[in-house]
Amino acid sequence: MTFTKSGLVAVSLAALFASGCSTSRFSSMDDQQPAPLQPAPAGQVTSNQLPPPASPGTTDPSQFPTAPANTQVASLPPDGGAPAGAADLSAASVAGVWNVSVSGQSCKIATPQTKFGAGFRAGPLHCPAPIDGIKSWNVAGKQLTLYDDNGGSLARLYSSGGSKFDGQTSNGQPISLTR
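Residues numbered from 1 in each chain as written. Predicted model: local features only at pLDDT ≥ 70, side-chain atom pairs only at ≥ 80, totals over all residues. Heavy atoms only, no water.

Draft legend 1. View of unusual backbone geometry. Ala129 connects to Pro130 through a cis peptide bond whose omega is 0°. Structurally, Pro130 can be placed in the loop between strand E5 (123-125) and strand E6 (136-140). Positive phi is not limited to glycine here, since Ser103 has a value of about 50°. Even without glycine at this site, His126 takes up a positive phi of about 60°. Mapped onto the secondary structure, His126 falls in the loop between E5 and E6. (Helix = DSSP H or I, 4+ residues; strand = E, 2+ residues; numbered from the N terminus.)

Structure, rendered in structure tokens:
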């Protein structure tokens, strides 16, 4: 008996089709039903009026997280010079991410060693004014200075030992950086 090529293919396909329809591999899944889902809890939704937003340039201390109670900012000499015991600084000792406390309000500042203007780029993260305007930083001797986008000084700080800097903003607010 001789088969043609097309006849052999047709018989093979018919056999494959018939065997695929009679498999029992999927029959066990028909018996399993997923457990019913529990309904979402029903409750009452309430609404309250939000307070109006603060005007630009004003800050409401209750809107910002506060610094830990044990945060102390060293006082600076009245002449604006470096406090006694302040260490000489290098860019490498300042580079990184800092926890900032400004008059009891907290945020973070990133100080990478990416050249920018006369110093290095800076990135405030959710900081209150005027610290939210920091764009760059630089060190000179014992002093760390934080600058705005016009190159104006926003804060001057000095090392208080270890991984801590203390100083003042340009408008006289105490500022502290810690890691």
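Draft legend 2. Structural context of the environment of Ser93. Its location among the elements puts Ser93 in helix H3 (residues 91-94). By relative accessible area, which is 34% here, Ser93 ends up partly exposed. C-alpha of Ser93 to C-alpha of Gly162: the two residues are 69 residues apart in sequence and 9.9 Å apart in space. With residues up to four places along the chain from it excluded, the contact list for Ser93 reads Trp98 and Arg179. A polar contact of 2.7 Å, which involves the side chain of Ser93, links it to the backbone oxygen of Ser90. (Buried < 20%, exposed > 50% of the residue type's maximum accessible area, 1.4 Å probe, protein only. Contact = heavy atoms within 4.5 Å. Polar contact = N/O pair within 3.5 Å; in protein donor to acceptor, adjacent residues only side chain to side chain.)

Draft legend 3. Representation of the sheet that holds strand E9 (residues 164-169) in the model. Strand order in this open sheet of 10 strands is E3-E4-E6-E7-E8-E9-E10-E1-E2-E5, and the pairing throughout is antiparallel. With partners counted over all chains shown, the strands left at the sheet margins are strand E3 (115-116) and E5, one partner each. As paired strands, strand E1 (residues 96-102) and strand E2 (residues 105-111) are joined by 7 bridges and run antiparallel to one another. Across the sheet, the residue bridging to Gly96 is Thr111, located in E2. (Pairing = 2+ DSSP bridges.)

Draft legend 4. Geometry of the environment of Cys107. Tracing the backbone through its elements, the reader meets Cys107 in strand E2. Remark: the alpha-carbon pair of Cys107 and Cys127, spanning 20 residues in sequence, is separated by 5.0 Å. Setting aside chain neighbours within four positions, we find Cys107 in contact with Trp98, Asn99, Val100, Leu125, His126, Cys127 and Pro128.

Draft legend 5. Highlighting the pattern of salt bridges. Tallied over the entire structure, the rule returns 2 salt bridges. In this structure, Lys164 engages Asp166 in a salt bridge whose closest nitrogen and oxygen atoms are separated by 4.0 Å. We classify Lys164 as partly exposed; its relative accessible area is 22%. What makes Asp166 buried here is its relative accessible area of 3%. (Salt bridge = Lys/Arg side-chain N within 4 Å of Asp/Glu carboxyl O.)

Draft legend 6. Region of interest: the packing of aromatic side chains. The tally for this structure, following the rule as stated, stands at 2 aromatic pairs. When the centroid spacing of 5.2 Å and the interplanar angle of 75° are considered together, the rings of Trp98 and Phe165 count as edge-to-face. With Trp98 in strand E1 and Phe165 in strand E9, the pair connects residues that are 67 residues apart, well separated along the chain. Accessibility classification places Trp98 together with Phe165 in one group, the buried group. (Phe/Tyr/Trp six-rings, centres within 6.5 Å; stacked < 30°, edge-to-face > 60°.)

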